[in-house]
Amino acid sequence: MCKNCKIVEQTFQAAGAEPHLNFVPVYRMIAELICQGRLEVIAGDCRFEDALEVLASEKHYTVCFYVQCESCGEIFFLGACIRGVPKYRKVDDIKDEKIEHLLWGREGSYFEKG
């Protein structure tokens, strides 16, 4: 795990203490890492930059993303629900995730390979 991923992992762990309050700051940090080219959205329900708008509109109950480190390949999951608790976690094995069933959208390189 590289330095960037260690920061993401530590942020996710700290965010779990107050998941609702921490969602927007964590989301913005991930968005910045994506803009810097350090993380890539490999699978998501919508374009990452549209996530807060999608949640606010309540057109869908959840918005979830898998992001991958461009440096070391670690994968992280970030998900939010309009009436539930946001989830932050490191993904051990992407093959175990059942992405096609979890996500309502088809954004990211995971779906482009198909």
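Everything numeric here is computed off the predicted structure, so don't read it as measured data.

So, how was this worked out
Residues numbered from 1 in each chain as written. Predicted model: local features only at pLDDT ≥ 70, side-chain atom pairs only at ≥ 80, totals over all residues. Heavy atoms only, no water. Helix = DSSP H or I, 4+ residues; strand = E, 2+ residues; numbered from the N terminus. Expected span 1.5 Å × (residues − 1). Buried < 20%, exposed > 50% of the residue type's maximum accessible area, 1.4 Å probe, protein only. Arc of directions from axis to C-beta. Contact = heavy atoms within 4.5 Å. Lys, Arg positive; Asp, Glu negative; His and termini not counted. Salt bridge = Lys/Arg side-chain N within 4 Å of Asp/Glu carboxyl O. Polar contact = N/O pair within 3.5 Å; in protein donor to acceptor, adjacent residues only side chain to side chain. Pairing = 2+ DSSP bridges. Axes fitted to C-alpha atoms, helices over the stretch in contact; angles between N-to-C directions. Parallel < 35°, antiparallel > 145°, perpendicular 65-115°, else oblique. Left-handed = near helix turned anticlockwise from the far one by under 90°. Nonpolar A, V, L, I, M, F, W, Y, C, P; charged D, E, K, R; others polar.

Asker: Any chance you could explain helix α1 (residues 3-15) here in plain terms?
Answerer: Residues separated by three or four positions in an α-helix point in the same direction, a consequence of the helix having 3.6 residues per turn. If you check α1, its first and last C-alpha atoms are 18 Å apart, about what 13 residues at 1.5 Å a residue would give, namely 18 Å. Among all positions in α1, only C5, V8, E9, F12 and A15 are buried. Projected onto a plane normal to the axis of α1, the buried residues spread over an arc of 130° and lie on a single side. Across from the buried face of α1, at angles greater than 90 degrees, the exposed residues are K3, Q13 and A14. Those residues of α1 hidden inside the fold are in contact with α2 (19-35), β2 (62-69), β3 (75-81) and β4 (87-91).

Asker: Help me understand the side chain of D45, please; the structure alone is not making it clear to me.
Answerer: Tracing the chain through its elements places D45 in the loop between β1 (39-44) and α3 (51-57). R106 provides the closest opposite charge to the buried, salt-bridge-free D45, at an N-O distance of 5.8 Å. A distance of 2.8 Å separates a polar side-chain atom of D45 from the backbone nitrogen of C64. A distance of 2.7 Å separates a polar side-chain atom of D45 from the backbone nitrogen of W104. With residues near it in sequence (within four places) discarded, D45 still touches T62, V63, C64, F65, L103, W104, G105, R106 and E107.

Asker: Any chance you could explain the pairing of β3 here in plain terms?
Answerer: Regular strands place side chains that alternate from one sheet face to the opposite one. Within β3, six of the seven residues are buried, leaving the element largely enclosed by the surrounding structure. One ladder, built from seven bridges, connects β2 with β3; its direction is antiparallel. In the sheet register, V67 faces β3, and the bridge partner there is F76. Counting the residues that bridge the hairpin from β2 to β3 gives five residues, and of these G73 lies at a positive phi of roughly 90°.

Asker: Would you explain the side chain of E74 in this entry?
Answerer: Within the secondary structure, E74 is located in the loop between β2 and β3. Leaving out residues up to four positions away in the same chain, E74 has contacts with M1, C5, V67, Q68, C69 and K90.

Asker: Would you mind going over the environment of I7 with me for this structure?
Answerer: Take I7: it is sitting in helix α1. Distance from I7 to E100, taken between C-alpha atoms, is 28 Å for residues 93 residues apart in sequence.

Asker: Just checking my understanding: could you explain the packing of α1 against α2 for this structure?
Answerer: In a packed pair of helices, the relevant descriptors are the angle between the two axes and the axis-to-axis distance. Remark: α1 packs on α2, axes separated minimally by 9 Å, with the N-to-C direction vectors making an angle of 165°. Between α1 and α2, the crossing angle belongs to the class labelled roughly antiparallel. Here the hand of the crossing between α1 and α2 comes out left-handed. Contact residues: V8, T11, F12, A14 and A15 in α1; P19, N22, V26, M29, I30 and L33 in α2. Looking at the contact of α1 with α2 residue by residue, the classes come out as nine nonpolar, two polar and no charged.

Treat this as a map of the structure, not an account of what it does.
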